[in-house]
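Each chain is listed here by its residues.
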Amino acid sequence: MQRLVILVSGRGSNLGAIARACRDEAWPATIAAVISNRPDAAGLALARELGLPAVALDHRAHPDRAAFDTALADAIDAAGADWVVLAGFMRILGEPFVQRYAGRMLNIHPSLLPAFPGLHTHRRALDAGCTLAGATVHFVTPTLDHGPIVAQVAVPVRPGDDEASLAARVLVAEHRLYPQALRWCLEGRVRLRDGGIVAEPGLERGRFVDPAAG
Ligand code: GAR
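Cut-offs and rules
- Residues numbered from 1 in each chain as written.
- Predicted model: local features only at pLDDT ≥ 70, side-chain atom pairs only at ≥ 80, totals over all residues.
- Heavy atoms only, no water.
- Helix = DSSP H or I, 4+ residues; strand = E, 2+ residues; numbered from the N terminus.
- Buried < 20%, exposed > 50% of the residue type's maximum accessible area, 1.4 Å probe, protein only.
- Contact = heavy atoms within 4.5 Å.
- Lys, Arg positive; Asp, Glu negative; His and termini not counted.
- Charge placed at Lys NZ, Arg CZ, Asp CG, Glu CD.
- Core = buried A, V, L, I, M, F, W, Y, C linked by side-chain atoms within 4.5 Å.
- Domains from an automatic or database assignment.
- UniProt positions renumbered as here; feature names shortened; annotations may be inferred.
- 1 Å grid on protein atoms, 1.4 Å probe; cavity = no way out; pocket = protein on both sides within 12 Å on 5 of 7 lines; lining within 4 Å.
- Polar contact = N/O pair within 3.5 Å; in protein donor to acceptor, adjacent residues only side chain to side chain.
- Near = heavy atom within 4 Å.
- Sits in = over half its atoms within 2 Å of the grid points.
- Nonpolar A, V, L, I, M, F, W, Y, C, P; charged D, E, K, R; others polar.

Within the protein, the regular secondary structure consists of 6 helices and 10 strands. Along the first, second and third principal axes, the C-alpha atoms of the protein reach 45 × 40 × 35 Å. Relative to its 214 residues, the protein shows a buried fraction of 46%. Of the contacts made within the protein by residues no fewer than 6 positions apart, 63% connect residues no fewer than 24 positions apart. The averaged location of the 22 negative side-chain charges in the protein is 2 Å from the averaged location of its 22 positive side-chain charges.

Structure below.
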């Protein structure tokens, strides 16, 4: 069994999608801990409801980023993590932390990277007149939102979309994308080698989903 540690800062809907898939599809993995930098995160409450070990690690209780990163690494290592899964974790992680988990730390970002790294992705996609939006699962590297891409999903931007309607459409797609991409990594079907992705031939690592088309 591979041990997953999932980091959340907010709602935790991607955590929920991963936890359900892990259980329902009987992955060769267990969620060893859910850790949040925000003690009041809904994602932590969800973890407790799901019976998962939930750890609050308030970043405001640490004097600086390095101290928080050290405490976070200690908590992750105490859980015996094989994989670190960022699921709406909204803290920037320092380079030593990222290097420590190189090749076994994933993130989901709500845009078609390399477009729109950082915040407010949906507003920026709308402002840019994009006709497609989406989400990306990638290995985490020291450059924010720039790691090698495991998988992506695209959804249409519809006339009349606002930030909320587009975010909702992307989120539905995220909930399919992240469990699938994570599972491929756990199974070794997608790996990081020499800083690039090696994937089993035939994996549908990019797809278009139109929820309105059913
Ligand atoms: C998701 O949309 C995720 O892609 C995004 O935060 C949301 C978390 O939702 N992550 C980032 O923006 C990271 N840069 P959730 O807490 O319901 O999973």
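Here we take up the nonpolar core. Counting residues in hydrophobic clusters, the biggest one holds 42 residues, and the most contacted among them are Ile6, Trp27, Val34 and Val150. When residues of this core are sorted by domain, at least three fall in each of domain 1 (1–101) and domain 2 (107–214). Leave out the neighbours within four places in its chain, and Val34 touches Ile6, Val8, Leu15, Gly43, Leu44, Ala47, Leu52, Pro53, Ala54 and Val55. If you look at the next biggest cluster of nonpolar residues, it comprises 23 residues, including Ala32, Phe68, Ala73 and Leu86.

Okay, the UniProt feature "binding site: (6R)-10-formyltetrahydrofolate" (unreviewed entry) in the protein next. Taken from the UniProt record, the annotation "binding site: (6R)-10-formyltetrahydrofolate" (unreviewed entry) applies to Arg65, Met90, Arg91, Ile92, Leu93 and Asn107. Within the annotated group just given, the residues that line the largest pocket are Arg65, Met90, Arg91, Ile92, Leu93 and Asn107. Topologically, Met90 is positioned in the loop between strand 4 (83–86) and helix 4 (95–100). Apart from residues lying up to four places away in sequence, Met90 is in contact with Ser9 and Leu119. Inspection of the secondary structure puts Ile92 in the loop between strand 4 and helix 4.

On the UniProt side, "site: Raises pKa of active site His" (unreviewed entry) is annotated at positions that read Asp145 here. Take Asp145: it is sitting in the loop between strand 6 (132–139) and strand 7 (149–156). Setting aside residues up to four positions removed in sequence, Asp145 forms contacts with Asn107, His109, Leu113, Pro117, Gly118 and His138. Within the structure, Asp145 has its side chain in polar contact with the side chain of His109 (distance 3.5 Å).

With that settled, consider the site of the ligand. In the neighbourhood of the ligand, the contacting residues comprise Arg11, Gly12, Ser13, Asn14, Gly88, Met90, Ile108, His109, Pro110, Leu171 and Glu174. Here an oxygen atom of the ligand sits 2.8 Å away from a polar atom, N or O, in the main chain of Gly12. A majority-of-atoms criterion places the ligand in the largest pocket. Within the residue set of the shell around the ligand, elements represented by two or more residues are helix 1 (13–24), strand 5 (105–109) and helix 6 (163–186). Among the residues forming the shell around the ligand, the class breakdown is 4 nonpolar, 5 polar and 2 charged. The two domains that each donate at least three residues to the shell around the ligand are domain 1 (1–101) and domain 2 (107–214).

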